[in-house]
Amino acid sequence: MAQMGAACIASAGNGIFSGTAVSMTVYPIVPDYKEYPKWGRSLTYTTGEIGLAGHWIKMILHYMFMYKAKCKPGWWLIPE
């Protein structure tokens, strides 16, 4: 777990042009104070942003997941 990263998108609002979302990445998931003594995490790969682009990504991921879950034509082409 000390070598893994995580990404999260939390949607806050709806509408194509009025929604926002928080996009976060954390690396590593479990803090590694030996490699990153001050914070336990790499500040290069640990970020957080709020905005409309995160909302669009969340919507795209949602529709792709629902398409794949319903086993519609070509569902196996959508990556996990």
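Residues numbered from 1 in each chain as written. Predicted model: local features only at pLDDT ≥ 70, side-chain atom pairs only at ≥ 80, totals over all residues. Heavy atoms only, no water.

1. What to know about the overall build of the protein chain
Here is step 1: In terms of helices and strands, the protein chain carries 1 helix and 3 strands.
Here is step 2: Counting from the amino terminus, the protein chain carries its helices and strands in the arrangement β-β-β-α.
Here is step 3: The C-alpha atoms of the protein chain give a radius of gyration of 16 Å, which is well past the 12 Å a tight globule of 80 residues would have.
Here is step 4: Taken along its principal axes, the extent of the C-alpha atoms in the protein chain is 50 × 30 × 15 Å.
Here is step 5: Burial analysis of the protein chain (80 residues in total) assigns 15% to the buried set.
Here is step 6: The contacts of the protein chain with a sequence gap of at least 6 include a subset with a gap of at least 24, amounting to 44%.
Here is step 7: A total of about 6,200 Å² of accessible surface is found on the protein chain, and carbon and sulfur atoms cover 69% of it.
Here is step 8: Taking the average location of the 7 positive side-chain charges in the protein chain and that of its 4 negative ones, the two points are 10 Å from each other. (Helix = DSSP H or I, 4+ residues; strand = E, 2+ residues; numbered from the N terminus. Rg over C-alpha atoms; globule rule 2.2 N^0.38 Å. Buried < 20%, exposed > 50% of the residue type's maximum accessible area, 1.4 Å probe, protein only. Contact = heavy atoms within 4.5 Å. Areas by Shrake-Rupley, 256 points an atom, 1.4 Å probe, with all protein chains shown as cover. Lys, Arg positive; Asp, Glu negative; His and termini not counted. Charge placed at Lys NZ, Arg CZ, Asp CG, Glu CD.)

2. With respect to the pairing of strand β2 (residues 20-26)
Here is step 1: Pairing between strand β1 (residues 6-12) and β2: 7 bridges, direction antiparallel. If you follow Ala10 over to β2, its bridge partner there is Val22.
Here is step 2: One ladder, built from 5 bridges, connects β2 with strand β3 (residues 47-51); its direction is antiparallel. In the strand pairing of β3, Thr25 is matched with Thr47. (Pairing = 2+ DSSP bridges.)

3. Concerning unusual backbone geometry
Trans peptide bonds make up most of the peptide bonds, and negative phi angles are found at most residues other than glycine.
Here is step 1: In this model, Tyr27 is joined to Pro28 through a cis peptide bond whose omega is -15°.
Here is step 2: Within the element layout of this structure, Pro28 appears in the loop between β2 and β3.
Here is step 3: Despite not being glycine, Cys71 has its phi angle at roughly 55°, a positive value.
Here is step 4: Tracing the backbone through its elements, the reader meets Cys71 in the segment after α1 (52-69).

4. Looking at the side chain of His55
Here is step 1: Structurally, the position occupied by His55 is in helix α1.
Here is step 2: Looking at His55, the relative accessible area reads 3%, which means it is buried.
Here is step 3: Engagement of the side chain of His55 in a polar contact is seen with the side chain of Ser11, the distance being 3.3 Å.
Here is step 4: Beyond its immediate sequence surroundings of up to four residues, His55 is in contact with Ser11, Gly13, Asn14, Gly15, Gly19, Thr20 and Ala21. (Polar contact = N/O pair within 3.5 Å; in protein donor to acceptor, adjacent residues only side chain to side chain.)

Keep in mind these numbers describe shape, not what the thing actually does.
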